[in-house]
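Examining the three-dimensional arrangement
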Amino acid sequence: MDDLDTFRSETRAWLEANCPTEMRQPMRDESDACWGGRNPVFKNDAQKAWMETMAARGWTVPDWPEEYGGGGLSPAETKILRQEMARIGARNPLMSFGISMLGPALLKYGTEEQKKHYLPQIARGAIRWCQGYSEPGAGSDLASLQTKCEDKGDHWLVNGQKVWTSYADKADWIFCLVRTDMQAPKHQGISFLLFDMASEGVSTKPILLISGNSPFCETFFDDVKVPKDQLVGELNKGWDVAKYLLGHEREMISGMGLGGQSESLGAALAEALADDPLLRADVARFDVDQMAFKAMSEKFIDELKAGQAHPAQPSMMKYAGTELNKTRHELVMAAGGSDALEWESDRSKKGKAAREWLRTKANSIEGGTSEIQLGIVAKRILNLPGA
Amino acid sequence: MPLYLNDDQAMLRDSARSFMAEEGAIGKQLRHWRDKSCKDGFGHALWKQFAEMGFTGILIGEDDGGLGLGHVEAGIVLEEIGRNLTPSPFLTTAIAFVEAVKGTPHGARWFPGILAGETVAALAVDEGAKHRPDGIEMRAERSGNGFSLSGRKQFVVQGASAAVTLVAAQTDEGLTLFAVEKDAKGLEVEGVRLADSSIGARLTFDEVTVDADAVIGEVGGGAEILDRALNAGRTGAAAELVGVGSASMDMTVDYLKQRKQFGKLIGEFQALQFRAAHLYSELEIARAATLKAQQLLDEGGADAEAMVSVAKAKAGRASLLAVQEGVQMHGGIGMTDEYDIGLYMKRDRVLNELFGDPAYHADKLARMKGY
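Calculation rules
- Residues numbered from 1 in each chain as written.
- Chains lettered and ligands numbered in written order.
- Predicted model: local features only at pLDDT ≥ 70, side-chain atom pairs only at ≥ 80, totals over all residues.
- Helix = DSSP H or I, 4+ residues; strand = E, 2+ residues; numbered from the N terminus.
- Rg over C-alpha atoms; globule rule 2.2 N^0.38 Å.
- Contact = placed C-beta atoms within 7 Å.
- Buried ≥ 20, exposed ≤ 12 C-beta atoms within 10 Å, placed from the backbone.
- Nonpolar A, V, L, I, M, F, W, Y, C, P; charged D, E, K, R; others polar.
- Domains from an automatic or database assignment.
- Core = buried A, V, L, I, M, F, W, Y, C linked by C-beta atoms within 7 Å.
- Expected span 1.5 Å × (residues − 1).
- Pairing = 2+ DSSP bridges.
- Axes fitted to C-alpha atoms, helices over the stretch in contact; angles between N-to-C directions.
- pLDDT = per-residue confidence, 0-100.

A separate point is the overall build of chain B. Assigned secondary structure in chain B consists of eleven helices and ten strands. What you see for chain B is a C-alpha radius of gyration of 21 Å, in line with the 21 Å of a compact globule of 371 residues. In chain B, the share of contacts with a sequence separation of at least 24, taken over all contacts with a separation of at least 6, comes to 75%.

So, in structure tokens, the structure goes:
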């Protein structure tokens, strides 16, 4: 047996022994996810134990260096761990924008002090992070953001407004794009700042969406004082950090196309498809697309870990994955018929299917619209001339 | 195993790429043989060169003088074949037929000729206009110490040039495969030129008698071997489709960077940029699905068959999009015979039909998944 075979059998045995049975059930909805944070809300003891056990082993972030709270695993070992977790249906122990977005940016752009301070907290789920990017006047044209950050000698002073801040009302800290030079060309006056959401002058207001839920907020900054050492990367070079982080955000969002629930949508909808040959055909085509995309995701991650992925490939993944997820939910609604339209009944689990369907419409908007991604692919991968 | 090519495979790709771009180029092969109305539709000298490169032995075991490699390597060569529309009997002979007779006495009989680039083999499966291997009706009746075959086959790719053809027919024991040689009495072969100028054949069997040792595998045991051969062929066709689609996209993207209208390069227009980017995405996904199917076939995994159907369907649709967008974005010049993009459209159509079209494979996947 080679080392990887040994690692696989040991990992399998460890997961069998340590993953609670409750954590081997598919998540029913977003509320089943474990987000950690300063005031964590756990659905049950198993969820808490699973997060803590995995964090203690460094396996909430298996491929980060051990010194920053990671597992120090190689790409091949990380892949085996994910396969073994998938084999028993183990849930992700910790959902975190710190893990999927901020962490990679800190690993690349943070100072040693910043890495030592923030990364282990992220790995343990001690701090729940949110992302302050979009503003009312800066959506697809993100670099036109206007939140102002002034150097006041011993601190930064932040004033402005963010919007579409996911879970800002539940987050402990924010990683935020701010303008530190009002005169420079728009991409060159931006910096990347971290601060505590409990700071004086920070307020949030949830936005009611078409799904009836409020996962996003408006976030206001009114004379917020931020310590000087909480700026990541160089002053006025925050756009580089922002773009790097967006790549990771897009990877995360592209994973939604995989659905997570069942390998075959048709198998899950079989009863409804039995007397509807046209819908069955649409679903069969969808299953082809999603299984092909699953292979694409595996290939993309393998290439990324090996340093072989094109830097703009996350844009392709984000585009394809989110469009796929929207199609999935259109098909689920079509198969559900009028049953799936019920909005409040217990029968429909309070409109679960309909609310999820509506939620997916944001997938191709958040993190850069599909049109933004296609533009990036056209220019950076296909090298088509700029308009 | 990571889902990208390892160093050895990348080396094979590089050598296959330069060989095919040079020796298998459209002007040198496809147009040359087409314009001569060649009865085979390909050049025998090139088939020999394939053998010298080692390509024909990719799936043949080392004990039999081959390279003992797998479907990933076969696919590498096929993608380059697709890029250059190189006509050859590679897919039917070195992939599907080899996979069918591997480990049987027919291997010893035919492998030396295949390894030498002399023998061409074909598969006779389809009996109607569509690929329906579950509905084979052709009969093989016991006769003397062998069988007597009667019936019709069509879309037998390279059937007009083949020294040996795998023929699927029903016996009292069930589906059975036979290796039928070209001079068999009662076998009529009508070579037919297809839209892409390759040659298929319609075969008519009128009480063609073969010995018992013409049976490949066991009498009544043909279904499993046929599945194996077809899945190898489907995965190979998917790889070739990825090549066809990729070359079409590359040509088209190049054209967008050269052609000016309204005082601008047409590649500056967002309407075309978005379509080109969407096409790129579809082809990348098709390539990943195809590589996954190849790896699963090589590993012998239980999931392989579903992934083969995914790959054939996805690669077919992605390549179809590539040739359609290719002709459209080229505009009028794309309709001319002089320009190559139209040749890609024709090849795509043939490969999409070969071994089952996207609808066939989506349906097959659905049945495998229980709906």
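There's plenty left to go through after this.
Moving on: the overall build of chain A. Across its full length, chain A carries twelve helices and eight strands. Taking 2.2 N^0.38 as the reference for a compact globule, 387 residues should give roughly 21 Å; the C-alpha atoms of chain A span a radius of gyration of 22 Å, in line with that estimate. Structurally, chain A occupies a C-alpha span of about 70 × 50 × 45 Å along its principal axes. Relative to its full complement of 387 residues, chain A shows a buried share of 43%. Of all intrachain contacts in chain A linking residues separated by at least 6 positions in sequence, the fraction that spans at least 24 positions is 70%.

For the rest of this paragraph, the subject is the interface of chain A and chain B. In this assembly, 34 residues from chain A lie in contact with 35 residues from chain B. Among the elements of the structure, helix 7 (265-268), helix 8 (270-273), helix 9 (277-305), helix 10 (313-336) and helix 12 (370-381) of chain A are those that each provide at least two residues to the side of chain A that touches chain B. Broken down by element, the residue count for the side of chain A that touches chain B peaks at 14 residues, all from helix 9 of chain A. In the side of chain A that touches chain B, the residues fall into 22 nonpolar, four polar and eight charged.

Attention now goes to the domain arrangement of chain B. Residues and elements named next belong to chain B. Segmentation of chain B into domains returns domain 1 (7-119), domain 2 (124-220) and domain 3 (223-368). Relative to domain 3, the C-alpha centre of domain 1 lies at a distance of 21 Å. If you look at the interface, domain 1 gives 19 residues, while domain 3 gives 26 residues. Those elements that place two or more of their residues in the side of domain 1 that touches domain 3 are helix 4 (71-84) and helix 5 (90-101). Ranked by residues supplied to the side of domain 1 that touches domain 3, first place goes to helix 4 with ten residues. Across the side of domain 1 that touches domain 3, the residue classes break down as eleven nonpolar, four polar and four charged.

Among the nonpolar cores identified, the biggest contains 155 residues, and Ala292(A), Leu166(B), Phe178(B), Ala276(B), Tyr280(B), Ala289(B) and Val310(B) are the most heavily contacted of them. Setting aside anything within four residues of it in sequence, one finds Ala276(B) in contact with Ala378(A), Leu382(A), Leu384(A), Val253(B) and Leu256(B). Ile122(A), Ala123(A), Leu177(A) and Cys217(A) belong to the second-largest nonpolar core, a separate cluster that totals 65 residues.

On to helix 9 of chain A. Look at helix 9 of chain A: 42 Å from first C-alpha to last across 29 residues, which is about the 42 Å you get at 1.5 Å a residue. Two residues or fewer past helix 9 of chain A, Gly307(A) is found with a positive phi of approximately 70°.

Before going further, it helps to spend a moment on the pairing of strand 2 (residues 139-143) of chain B. Residue and element names in this part refer to chain B. With five bridges joining them, strand 2 and strand 3 (residues 146-153) adopt antiparallel strand pairing. Note that in strand 3 the partner of serine 143 across the bridge is glycine 146. Between the antiparallel neighbours strand 2 and strand 3 lie two residues, among them glycine 144 with a positive phi of about 60°.

A few words now on the pairing of strand 7 (residues 216-227) of chain A. All names here are of chain A. Pairing analysis gives ten bridges linking strand 3 (residues 155-166) to strand 7, with the strands arranged antiparallel. Its bridge partner lying in strand 7, serine 166 is registered against phenylalanine 216. Examined bridge by bridge, strand 6 (residues 202-206) and strand 7 share five bridges and lie antiparallel to one another. Counterpart to lysine 205 in the pairing with strand 7 is glutamate 218.

The next point concerns the packing of helix 4 of chain B against helix 8 (residues 270-299) of chain B. Residues and elements named next belong to chain B. Between helix 4 and helix 8, the shortest axis-to-axis distance is 8 Å and the interhelical angle comes to 145°. The segment helix 4 lies against helix 8, with His71, Val72 and Gly75 engaging Thr290, Leu291, Gln294, Gln295, Leu297 and Asp298. Per-class residue counts for the contact of helix 4 with helix 8 are three nonpolar, five polar and one charged.

Glancing now at the domain arrangement of chain A. All names here are of chain A. Split into domains, chain A comes out as domain 1 (3-102), domain 2 (129-236) and domain 3 (241-381). The centre of domain 1, based on its C-alpha atoms, is set 30 Å off from the matching centre of domain 2. On the domain 2 side, the residues contacting the seven residues of domain 1 number five residues. Looking at the side of domain 1 that touches domain 2 residue by residue, the class counts come to three nonpolar, three polar and one charged.

Overall, the predicted model of chain B reaches an average pLDDT of 97, with 100% of residues at or above 70. The complex prediction reports pTM at 0.93, with the ipTM value standing at 0.96.

For Trp164(A), which is not glycine, the phi dihedral falls at a positive 60°. Structurally, Trp164(A) can be placed in strand 3. Of note, Gln158(B) is a non-glycine position whose phi angle comes to about 65°, a positive value. Inspection of the secondary structure puts Gln158(B) in the loop between strand 3 and strand 4 (164-171). Accessibility expressed as a C-beta count within 10 Å gives 27 for Gln158(B), which makes it buried.

Turning next to the environment of Leu230(B). Residues and elements named next belong to chain B. By the secondary structure assignment, leucine 230 is in helix 7 (residues 222-256). Spatially, the C-alpha atom of leucine 230 lies 20 Å from that of glycine 243, the residues being 13 residues apart in sequence. Once residues within four sequence positions are removed from consideration, leucine 230 is found in contact with Pro133 and Phe355.

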